Amino acid sequence: MSETILPKNTSKTKPNEEVLFVRPSSGWAALNLMELWKYRELTYFLIWRDIKVRYKQTVLGAAWAIIQPFFTMVVFTIFFGKLAKVPSDNVPYPIFSYTGLLPWGLFAAALTNAGRSLVGNRAMITKIYFPRLAIPLASVLSGLVDFAIAFVILIAMMFYYHFIPQEGYEFYLTPAILTLPLFILLALITALGVGLWLSALTVIYRDFNYIVPFLTQFWLFITPVAYSASMLPKKWALIFALNPMTGVVEGFRWALLGTDTAPGPMVAVSSTIAIIVLITGLFYFRRMEHTFADKV
Amino acid sequence: MSDIAIRVENLGKVYRIGEFQGSYSYRQDYHTLRETLVGAVTAPLKWLLASKHSKKGVNNHKPEVETIWALNDVSFVVPKGQVLGVIGRNGAGKSTLLKILSRVTEPTLGYAEIHGRVGSLLEVGTGFHPELTGRENILLNGAILGMKRTEIERKYKEIVAFSEVEKFIDTPVKHYSSGMYLRLAFAVAAHLEPEILVVDEVLAVGDAEFQRKCLGKMSDVAQEGRTVLFVSHNMSAILRLTEETIVLDQGKLVYRAPTPAAVDYYMSSGLAQIGERVWAADEIPPSAAPFTPQVIRIRDGQGRVVDTVRSTETATIEIEYRLDAPITGLRVGMYLITARAESVFTSFDTDDPEQFEAYRVRPAGDYISRCTIPANYLNEGRYIIGINASAYRIRRYFQDEQALSFNVDGTAAPGSQWPELRMGPVRPLLDWRIEPASPSKYTDKDQVEIVHDQ
């Protein structure tokens, strides 16, 4: 009968064996990030699955990661750059808007994917235990691949505008580019923070399925993607930066395009807000986590 | 060192049903934002009104919150190395117990203490993605079940061999037959090596060959001295694999004994029987939508819902269900099998060409599909009804192989003048004619010719 003999379980009678208590939880739970770390392989596999599945059965495959921001950039350039003549901090408008669209794409995808991630993984949540945080985390992190692919276009554009200077515009690399990883991290923190809130809220209130697309659209307008934050009155700049994506986008431009907008105070405000959103998101998620299996 | 693997103390779990819409939908437990917002706005208002009119005794008309204790004050201990069976009717709390022990859901009351790494198998193939290949799904499913990557890689060959799908291992599993899919899914699960294994009804799926293989694997695991909690409706599997068994009924632990005694208790105490089965929200997989099975019941000749029908009377099977959206080509039907797993028949509500035409598209709404089993048809014994709702070759919405069981009482059944056991699942009263053949040389009166007249 035994096709495969499993190795005998050498029941290690460790003096202090692992004892697990399963009991009702109440109120705010500890974050227990150690456990998430223990399950890092699962998180990795979930990211891997998301990426594998995303472009399977699409004709253009990963090219979609480029097509979306690229054509948005073209449309923005025509309507905002050429027709509305939106000022672009002295850099060519196409590269100006594309630099904003990159982190925006990462954020918008995270919002959409994380929001429905728990509901989409209902089968797993109701059958297997694992830290539920792994699911929205994986869906946010899997967006990094699209981001990296879209980044290739930016590099190409940077070469293009570097060697073929446009009249009336200046564009050059500065050492500020070394800070780019920090702004990517800030984008991820923002995306994860908002994603955690939305994923938990979507489980409890299905209305968020409808709110998220609207929210994403609305958010794009209050973020300086198509325009520059320097257009705003100085005294409003910091209030504007309460939207953490403002700091991210302005930071990206400062780091990559060498715009002399000195977004320091804005980035500080945005980072603070992003971290607050992430921490509250983590706690809210953990608090609601134990109800997911029954509600999802 | 304690020899206890699992200790469960006063464990309880309450589910709310019908709180908002009063529906039995499996999603009954989520709120819409409107309800919360309306609740927040109207609560003070209601409170004001209520205090104003309190003397007049105005009823606040609070919606009834109906709750069900899926598990109620259950306590037991499982020593290390024991294989414990868990039996009970559908909705008795078995799955809830396993879900709590595997930490999928939290108890409302009480606690469980678990000594050792738990592997839970509430379903095979959890997290399988149809677009991924067999190989990719092995890796993913292994990680979901809690295996380390190195562990999966080490056992990969063994898993593939066990699954018998080597040839298709690089094909997306959406192209697999359901048998191949199950074999692959079970192969991964079978190579899990936890100290405590919690298994739900995973053997209730698949063909006989697959089930034999699963049972073989399960008994290997049991013999290795691991602690196993094994839920099944299959009494022969329970008898074969477990030493001791607990019986759950309506969320309570009602009996614990060595397995043969527990099975005997369960079968004879009437626990296994009521003649009606209501599907609880958590028993309906989301994949069933828009089909929601609600109740299946059996009525005797007088229309009473009973567990035992008389062979000499008609019996009516009623399947109640709701469609949230119209379904084209839906057929709802039943399989009738005996307790010894012999198939008696399969029948669908649109078998009749007229019904088939009339219900080409079944609109959304509530339905009852009723089927009458003629009198003088079934033999005495115990029968199991499985139900199936599907669109032929398109999709299977819902299937429950053990939806309901009932007894047939053979009193006065055809041939009762001889108190002998009749073979076979049916015991029809056929139209026999006895007539003398030619008034011939046969003088022996016992010699008669039998004419089978249909």
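Predicted model only: the values in this text are computed from it and were never measured.

Visitor: Any chance you could explain the overall build of chain B here in plain terms?
Guide: Assigned secondary structure in chain B consists of 9 helices and 22 strands. The burial tally for chain B puts 47% of its 454 residues in the buried class. Long-range contacts, defined as pairs at least 24 residues apart, comprise 69% of the intrachain contacts of chain B with a sequence gap of at least 6. Entry remark: accessible area of chain B is about 22700 Å², with carbon and sulfur atoms responsible for 53%.

Visitor: When you look at the side chain of Asn121(A) in this model, what are you seeing that I'm missing?
Guide: Residue and element names in this part refer to chain A. In this structure, Asn121 sits in the loop between helix 4 (93–120) and helix 5 (122–125). The exposure class assigned to Asn121 is buried, which follows from its relative accessible area of 12%. When near neighbours in sequence (up to four residues on either side) are disregarded, Asn121 contacts Arg49 and Ile135.

Visitor: Mind showing me how you'd approach the environment of Arg393(B) here?
Guide: Residue and element names in this part refer to chain B. As for its placement among the helices and strands, Arg393 is situated in the loop between strand 19 (381–391) and strand 20 (395–409). Looking at Arg393, the relative accessible area reads 75%, which means it is exposed. With 64 residues separating them along the chain, Arg393 and Gly329 place their C-alpha atoms 9.9 Å apart.

Visitor: Got a minute to help me understand the pairing of strand 6 (residues 196–199) of chain B in this structure?
Guide: The side chains of a regular strand alternate, first on one face of the sheet and then on the other. All names here are of chain B. Here strand 6 shows a buried face lined by Ile196 and Val198 and a second buried face lined by Leu197 and Val199. Of the pairings in the sheet, the one linking strand 5 (residues 118–121) to strand 6 comprises 4 bridges and is parallel in character. Paired with Val118 across the two strands is Ile196, which belongs to strand 6.

Visitor: How should I be thinking about the interface of chain A and chain B in this particular structure?
Guide: Interface size is commonly expressed as the accessible surface area that is lost when the partners come together. Taken together, the contacts link 51 residues of chain A with 65 residues of chain B. The interface formed by chain A and chain B contains 3 salt bridges. Among the salt bridges present, the one from Glu136(B) reaches Lys52(A), with a minimum N-O distance of 2.5 Å. The interface formed by chain A and chain B holds 8 residue pairs in polar contact (both at pLDDT 80 or more) in total. Secondary structure elements with two or more residues in the side of chain A that touches chain B: strand 1 (19–22), helix 1 (33–38), helix 2 (40–54), helix 5, helix 8 (180–204), helix 9 (208–222) and helix 12 (264–295) of chain A. Ranked by residue count, the leading element in the side of chain A that touches chain B is helix 2 of chain A, at 8 residues. Looking at chain direction, strand 1 of chain A and strand 4 (residues 109–115) of chain B are connected through 4 bridges and run antiparallel. Within the sheet, the bridge partner assigned to Val22(A) lies in strand 4 of chain B and is Ala112(B).

Visitor: Just checking my understanding: could you explain the pattern of salt bridges for this structure?
Guide: Between side chains of opposite charge, a pair can form when the charged atoms approach closely. Residues and elements named next belong to chain B. A full pass over the atoms with the stated rule returns 27 salt bridges over all chains. For Arg427, the salt bridge is made with Glu380, and the minimal N-O distance between the two is 3.4 Å. One end of the pair, Arg427, is in the loop between strand 20 and strand 21 (432–435); the other, Glu380, is in the loop between strand 18 (365–373) and strand 19, and 47 residues separate them in sequence. Among the residues examined, Arg427 registers a relative accessible area of 5% and is labelled buried. Taking the relative accessible area as the measure of exposure, Glu380 reaches 37% and is therefore partly exposed. Linked through salt bridges whose partners overlap, the residues forming this network are Glu276, Arg297, Arg299, Glu318, Glu320 and Arg370.

Visitor: I'm lost on the nonpolar core in this one. Help?
Guide: Considering soluble globular proteins, one finds that nonpolar side chains tend to be buried as a cluster. Residues and elements named next belong to chain B. Counting 162 residues, the largest nonpolar core has Ile138 and Leu229 as the members making the most contacts within it. Leaving out residues up to four positions away in the same chain, Ile138 has contacts with Ile152, Tyr156, Ile159, Val160, Ile169, Leu184 and Val188. If you look at the next biggest cluster of nonpolar residues, it comprises 34 residues, including Trp279, Leu378, Ala391 and Ala403.

Visitor: What's the story with the packing of aromatic side chains in this structure? I'm lost.
Guide: Each pair of aromatic rings is reported with the distance of its centres and the angle of its planes. Within the structure shown, the criterion is met by 25 aromatic pairs over all chains. Note on Phe21(A) and Tyr111(B): the rings are 6.2 Å apart at their centroids and 45° apart in plane angle, and the pair reads as tilted. You can see Phe21(A) sitting in strand 1 and its partner Tyr111(B) sitting in strand 4, one on each of two chains. Seen from their ring centres, Tyr383(B) and Phe406(B) are 5.8 Å apart, and the 25° between their planes marks the pair as stacked. Of this pair, Tyr383(B) sits in strand 19 while Phe406(B) sits in strand 20, and the two are 23 residues apart along the sequence. Accessibility assignment for this pair places Tyr383(B) and Phe406(B) in one class, buried. Within the aromatic cluster, the residues linked to one another by ring pairs are Trp279(B), Phe291(B), Tyr321(B), Tyr367(B) and Phe398(B). Note that Lys13(B) overlies the ring of Tyr15(B), its terminal NZ or CZ placed 5.2 Å from the centroid.

Visitor: For this particular structure, what's the right way to read a nonpolar patch on the surface?
Guide: A contiguous nonpolar surface patch, about 470 Å² in accessible area, is contributed by Val75(A), Ile78(A), Phe79(A), Phe80(A) and Leu83(A). Along the chain, the position of Leu83(A) falls in helix 3 (residues 64–83).

Visitor: Even after reading the chapter, I still don't get the sheet that holds strand 19 of chain B, so can you show me in this structure?
Guide: All names here are of chain B. Strand order in the open sheet made by the 5 strands is 12-20-19-15-16, with mixed pairing throughout. The open sheet has two edge strands with one neighbour each: strand 12 (308–310) and strand 16 (343–348). Taking each pair of neighbouring strands and ignoring which way they run, the sheet shows an average axis angle of 30°. Alignment of strand 12 against strand 20, held across 3 bridges, turns out to be parallel.

Visitor: What should I look at first to understand helix 7 (residues 143–163) of chain A in this one?
Guide: At 3.6 residues per turn, the α-helix brings residues three or four places apart onto the same side. All names here are of chain A. Here helix 7 contains 21 residues, and its C-alpha end-to-end distance of 31 Å stays within 8% of the 30 Å for a straight helix at 1.5 Å per residue. Taken together, the buried positions of helix 7 are occupied by Gly143, Asp146, Phe147, Ala150, Phe151, Ile153, Leu154, Met157, Met158 and Tyr161. Tucked into the core, helix 7 has its buried residues touching helix 2, helix 3, helix 4, helix 6 (134–141), helix 8 and helix 11 (244–257).

Procedures and definitions
Throughout, residues of each chain are indexed from 1 in the direction in which the sequence is written. Both sets of labels track the order of writing: A upward for chains, 1 upward for ligands. In view of the model being predicted, local features appear only for residues whose pLDDT reaches at least 70, and side-chain atom pairs are presented and counted only at 80 or more, with totals across whole chains, interfaces and linings using the full set of residues. Each side-chain value is derived from all of the structure's non-hydrogen atoms; neither hydrogens nor water enter the calculation. Helix numbers and strand numbers start at the N terminus; a helix is a DSSP run of H or I with at least 4 residues, a strand a run of E with at least 2. Buried, partly exposed and exposed residues are distinguished by accessible area as a fraction of the type maximum, computed with a 1.4 Å probe on protein chains only: under 20%, between the cut-offs, and over 50%, respectively. In what follows, residue pairs with any heavy atoms lying within 4.5 Å of each other are defined as contacts. We get accessible surface area from the Shrake-Rupley algorithm with a probe of 1.4 Å; when it comes to residues, only the shown protein chains can shield them. Any two strands are treated as partners once DSSP identifies two or more bridges connecting them. A pair is scored as a salt bridge if a Lys or Arg side-chain nitrogen falls within 4 Å of a carboxyl oxygen belonging to Asp or Glu. Polar contact criterion, stated in full: a pair of N or O atoms within 3.5 Å, where within protein one must be able to donate a hydrogen and the other to accept it, and residues adjacent in sequence count only if both atoms are side-chain atoms. Side-chain atoms within 4.5 Å are what join buried Ala, Val, Leu, Ile, Met, Phe, Trp, Tyr and Cys residues into a set we call a nonpolar core. Pairing of aromatic rings covers Phe, Tyr and the six-membered ring of Trp, with a centre-to-centre limit of 6.5 Å; geometry is then stacked below 30 degrees between planes, edge-to-face above 60, and tilted otherwise. By definition here, charges over rings are those cases where NZ of Lys or CZ of Arg is within 6 Å of the ring centre and within 35 degrees of the ring normal. Candidates for patches are residues over 30% relative accessible area with no salt bridge; among them, like charges are joined within 9 Å and nonpolar side chains (Val, Leu, Ile, Met, Phe, Trp, Tyr) within 5 Å. For helices, the fitted axis covers only the stretch in contact; all axes are lines through C-alpha atoms, and the angles between them, taken along N-to-C directions, range from 0 to 180 degrees. What a helix should span is 1.5 Å times the count of its residues minus one.

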